[in-house]
Amino acid sequence: VQLQASGGGLVQTGASLRLSCAASGLTFSRCSMGWFRQAPGKEREFIAAITWGGRMKGAADSVKGRFTASRDNAKSMAYLQMTNLQAEDTAVYYCAARWDVSGGWADRAHDYHYWGQGTQVTVSS
């Protein structure tokens, strides 16, 4: 199983980025996907999840209205569209996959079975 996150970079305050997560080696359409981030010196933070049916769930208050999770099961891809980026969004962003036969979701890191390597997002003011 491999999850490959990409799309991070250095942007200015107010900019947008779209992160991608390419999955292989698993039945993607039966996995819920989660997005997390970790800033230096801080714990890993849950951002949002998306069920295998495509419903975004559990967006953190810090990103509500700015970040949108989506997926394309035909391509085994998950996405995190981020808008109006702020300095506090600077972190390494991770995608994670969780087998979920019930179509549910989770917001705890230890509930996820597979993790990508992370992609750095840096927002400068």
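Scroll up a little and you will see the structure.
Okay, so let's go over this structure. Please read these numbers as outputs of a predicted model, since none were measured by experiment.

**Some details on the nonpolar core**
Met33, Trp35, Ile47, Phe67, Leu80, Met82 and Tyr93 are the most contacted members of the largest nonpolar core, which has 31 residues in total. Of all the secondary structure elements, the ones that give two or more residues to this core are β1 (2-6), β3 (17-24), β4 (31-38), β5 (45-50), β7 (67-72), β8 (77-82), β9 (91-99) and β11 (119-124). Not counting the four nearest positions on each side in its chain, Leu80 is found in contact with Leu17, Arg18, Leu19, Trp35, Ile47, Phe67, Thr68, Ala69 and Tyr93. Ranked by size, the runner-up nonpolar core spans six residues in total, among them Phe46, Ala49, Ala96 and Ala106.

**Some details on the packing of aromatic side chains**
Scanning the entire structure with this criterion turns up six aromatic pairs. When the ring of Phe36 is compared with that of Phe46, the centres are 5.5 Å apart and the planes differ by 70 degrees; the resulting orientation is edge-to-face. Here Phe36, found in strand β4, pairs with Phe46, found in strand β5; they are ten residues apart in sequence, far enough to count as distant. The pair Phe36 / Phe46 is uniform in exposure class, with both members buried. Aromatic side chains Phe46 and Trp105 sit 6.3 Å apart centroid to centroid with 25 degrees between the ring planes, which places their arrangement in the stacked category.

Rules used in this analysis
- Once a new chain begins, its residue numbering starts again from 1 and follows that chain's sequence as written.
- In keeping with the model being predicted, local features are shown solely for residues with a pLDDT of at least 70 and side-chain atom pairs are shown and tallied solely at 80 or more, while totals for entire chains, interfaces and linings include all residues.
- The basis for the side-chain values is all heavy atoms of the structure; hydrogens and waters are excluded.
- Among the buried residues, those of types Ala, Val, Leu, Ile, Met, Phe, Trp, Tyr and Cys that are joined through side-chain atoms within 4.5 Å form a nonpolar core.
- Only protein chains enter the calculation, and the probe is 1.4 Å; a residue is then buried if its accessible area is under 20% of its type maximum, exposed if over 50%, and partly exposed in between.
- Here a helix means four or more residues in a row that DSSP labels H or I, a strand means two or more in a row labelled E, and each is numbered from the N terminus.
- By definition, residues are in contact when any of their heavy atoms lie within 4.5 Å.
- Only Phe, Tyr and Trp rings are paired, with Trp represented by its six-membered ring, and only when their centres lie within 6.5 Å; those with planes under 30 degrees apart are stacked, over 60 edge-to-face, the remainder tilted.

All quantities given are derived from atomic positions and should not be read as evidence of function.
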